Amino acid sequence: MKSPMRLAKAEDVRAIGLAPAAEEERKPRLLAKLKELRGSMRSLAVMLDTCVKCGNCVRQCHSYLGTGDPLNAPPARADLMRKLYRRHFTLAGRLLGRITGAEDFDAQTLDAWLTYFYQCNECRRCAVFCPLGVDTAEVTIAGRHLLSELGMVPRFMQQVALNLQKTGNNMGIPKPALLDSVEFLQCEMLEETGLAVKIPVDQAGSEILYIPSSADFFTNVDTIIGVAKMFHALGASWTISSAVLEAANFGLLFNDSAMRAHNRRMRQAAEELGAELVLQGECGHGWRAARLCTEAASGPVRFRLMHVLDYTARNLGRLALRRLSMRVALHDPCNYARAGDLIDEPRRILRACVEELVELAPNREETFCCGGGSGILMDEMMEIRLKLGKKKAEQIQAAGRIDYLAAGCSICKAQLPHVAAHYGMPDLAIGGVMDLVGKAMDMNRSTGGV
Amino acid sequence: MFFFGYILPYAAAAVFVVGMVRRTWDWLSRPVPLPLTVSSVAGGRRARAAAVAKELVLFPSLYRGDRRLWLSAWLMHASLLVVLVGHTVGIAFAAQQFRYFGASKEASVWLSGAMGLLVGLVFTVALLTVLYRRAANVEVKRISGPDDYLALVLLLCVAASGLAMRYSAEVDLAEVRTYLAGLLVFRASPLPRAWLFLVHFAAVNALLLYFPFSKLVHLTGAFVGRSLLVQPPPVYPTPADGPTAAPLFSQGDRP
Ligand code: SF4
Ligand code: SF4
């Protein structure tokens, strides 16, 4: 099956610093890069060798369960790379061929890679269920990177990368537009609270550099409002930076150099502004990239690095919150639960903000992905996205009547409304965790916290 | 027969040991540029080692995923381990090991035999269950290749011939023991000619030769793989004396 996903044109790929490979150059380049990558990644090396095909992970993968496509079963997915590896880089594979699962590059190889590596949400649920620690997401992230080295990049990712180059954010918001929307948000908050709650931009000397998701200025404004109100209540010295208005780091999901470049943007902005603490906003994979990759991409660094949910949970005692009378279900974003160590924090926050918190089952480390994970948010992928979201939809349905689904991740927030509408829950309110903090806060009592 | 009895076993053992050491070294010598922590484990290196050990001793991830698979996989591995220990002890003490626990000479031999039989049966049944699952469960069958069956069939040959040896009047266990003990101390003793023993011995050698080139490398790969998932996350600000986060198996290999 060929994926409906649209690829970026060669000149657009060049514009983001990647070199497209001509048809005949593809196989040799892919093999050379695979060899290099395997040499530089212990994870890939061991995972290509050790899967025993026990099948324990198969029915744990929402992508397989939702699409029913056998090649979306994690071991089958990883085999798309493994068979090439066996054929070219193992003695048994070279001598015995198919008996060992070895197969050579052919006309279908790259199509299959594009299709199935981009139907993996990089959610890592399979890794939690693999007795050997095989993380299929690690293999597919490597696969996506290799595709990008051949110049094969989804148009969606290419546009994001281009926007990042130009503006430091995924949506391509230039500074004047940013200032406009900040102005607008401040007016809103003034009207609502009667207080001059600020969203400082590029304020040198601030203690905290807050890195929002750029979507917070369009679709998820309640998230940034919640954050601004909290900072106001705590009397914190904070700022956002127009140079890095993006917690997301799509590079993690398609090209390693792009990941590193965006990570360095964060470091540079923090150093220029003299921030002592960098706080990441509501974005799942962005938190993974910041927390786990900063040291390698930009290190050593002098600032502390924290997630806004962790920061908020630690400051709950200093915020005057009144519980909203709502029944709220929490969705654990994959990268908080399986890379970010953010499992109890959102729960503590929500318990302080709403009357009833419901758990989806399974949850925490075993949470199911929303189906949009790893930036599979392209419109042309909608049909597949809805299938990828099936497991999540079933979980939400099973939770009974809820007033709000709290999903502290911009990708989840972009994906879940489609899923909810498609599976018969068109009226479900979906938003971030910080949104509720903003709504539950009694600004007059909180003010002057510090 | 000289080759079979006195060269092949050493060659197979060498291929197994050298192959596994090289394979494992090959993994461990690669850097870990980006940690892939799934969840960090509180406590230091020891706590992380304990987390890895728990997974590898009890297979909780299989337990959470599929109880039946867990039971057969666990029994398969555990009984194999006992069989290996049993062979070593049985050969070293000529089945007299239970005399140290107060059993008589005859009782010790009987106990040794009975335990071997029991564990051997468990091993065989577990292997058959796993093989059945592989062939009968569509989802598992789809992801299985010839090599997945080959590994099981080899193990089954070893197990079945080993069990059958106990019932063959032709096999003289004392003679087998002398031969094997001789191999261990590099002193040639006559190769037993009982065909069941020869089949068992051939299958073991084939398994050893196949091992480092197959998925059976998960013998050591499991430690490497699981330890990657519990690697501690980096600490910020970066401590003055450099990055503190290090994988379980090596230190300071991150730039
Ligand atoms: S990472 Fe998630 S989507 Fe990808 S194979 Fe594993 S379980 Fe499936
Ligand atoms: S659980 Fe691990 S070993 Fe088993 S099939 Fe999945 S990836 Fe392979």
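Scroll up to find the structure this text is about.
Residues numbered from 1 in each chain as written. Chains lettered and ligands numbered in written order. Predicted model: local features only at pLDDT ≥ 70, side-chain atom pairs only at ≥ 80, totals over all residues. Heavy atoms only, no water.

### Some points on the interface of chain B and chain A
Each partner contributes residues to the interface: chain B has 55 residues there, and chain A has 64 residues. Roughly 4800 Å² of surface becomes buried between chain B and chain A when both sides are summed, with 57% attributable to carbon and sulfur atoms. In this assembly, chain B and chain A are joined by 5 salt bridges. Counting every contact that joins chain B to chain A gives 30 residue pairs in polar contact (both at pLDDT 80 or more). (Contact = heavy atoms within 4.5 Å. Buried area = accessible area lost by both parts, 1.4 Å probe. Salt bridge = Lys/Arg side-chain N within 4 Å of Asp/Glu carboxyl O. Polar contact = N/O pair within 3.5 Å; in protein donor to acceptor, adjacent residues only side chain to side chain.)

### Description of the packing of helix α4 (residues 67-93) of chain B against helix α8 (residues 173-184) of chain B
Helix-helix packing is characterised by the crossing angle of the two axes and by the distance between the axes. Residues and elements named next belong to chain B. At a closest axis distance of 9 Å, the pairing of α4 and α8 adopts a crossing angle of 100°. Taken together, the axes of α4 and α8 are roughly perpendicular relative to one another. Each of G90, I91 and A92 in α4 lies in contact with α8, whose residues at this interface are R177, L180 and A181. Class assignment for the residues of the contact of α4 with α8 results in 4 nonpolar, 1 polar and 1 charged. (Axes fitted to C-alpha atoms, helices over the stretch in contact; angles between N-to-C directions. Helix = DSSP H or I, 4+ residues; strand = E, 2+ residues; numbered from the N terminus. Parallel < 35°, antiparallel > 145°, perpendicular 65-115°, else oblique. Nonpolar A, V, L, I, M, F, W, Y, C, P; charged D, E, K, R; others polar.)

### Digging into the site of ligand 1
Residue and element names in this part refer to chain A. The local shell around ligand 1 holds 13 residues, among which C61, C120, C123, R124 and C126 are the closest. Among the secondary structure elements, those contributing two or more residues to the shell around ligand 1 are α4 (62-67), α5 (74-89) and α9 (136-149). Split into classes, the residues belonging to the shell around ligand 1 amount to 6 nonpolar, 4 polar and 3 charged. (Near = heavy atom within 4 Å.)

### Considerations on the sheet that holds strand β5 (residues 324-331) of chain A
All names here are of chain A. The 4 strands lie next to each other as β6-β5-β7-β8, forming an open sheet whose pairing is parallel. Edge positions in the sheet fall to β6 (354-359) and β8 (430-431), since each of these pairs with one other strand and no more. Here β5 pairs with strand β7 (residues 404-407) via 4 bridges, running parallel. Across the sheet, residue V328 finds its bridge partner in β7, namely Y404. Across the face of the sheet, helix α18 (residues 344-353) comes into contact with β5, β6 and β7 while running at roughly 145° to β6. (Pairing = 2+ DSSP bridges.)

### Some details on α8 of chain B
Residues and elements named next belong to chain B. The first and last C-alpha atoms of α8 sit 16 Å apart over 12 residues, in line with the 16 Å expected at 1.5 Å per residue. For α8, the set of buried residues is V176, Y179, G182 and L183. Down the axis of α8, the buried set is contained in an arc of 130°. They therefore lie on one face. Buried residues belonging to α8 abut α1 (2-28), α7 (146-165) and α9 (195-210). Sitting at the amino-terminal end of α8 is D172, which places a side-chain oxygen 3.0 Å from the backbone nitrogen of A174. F186 lies just past α8 and shows a positive phi near 55°. (Expected span 1.5 Å × (residues − 1). Buried < 20%, exposed > 50% of the residue type's maximum accessible area, 1.4 Å probe, protein only. Arc of directions from axis to C-beta.)

As far as function goes, none of this settles anything; it's purely spatial.
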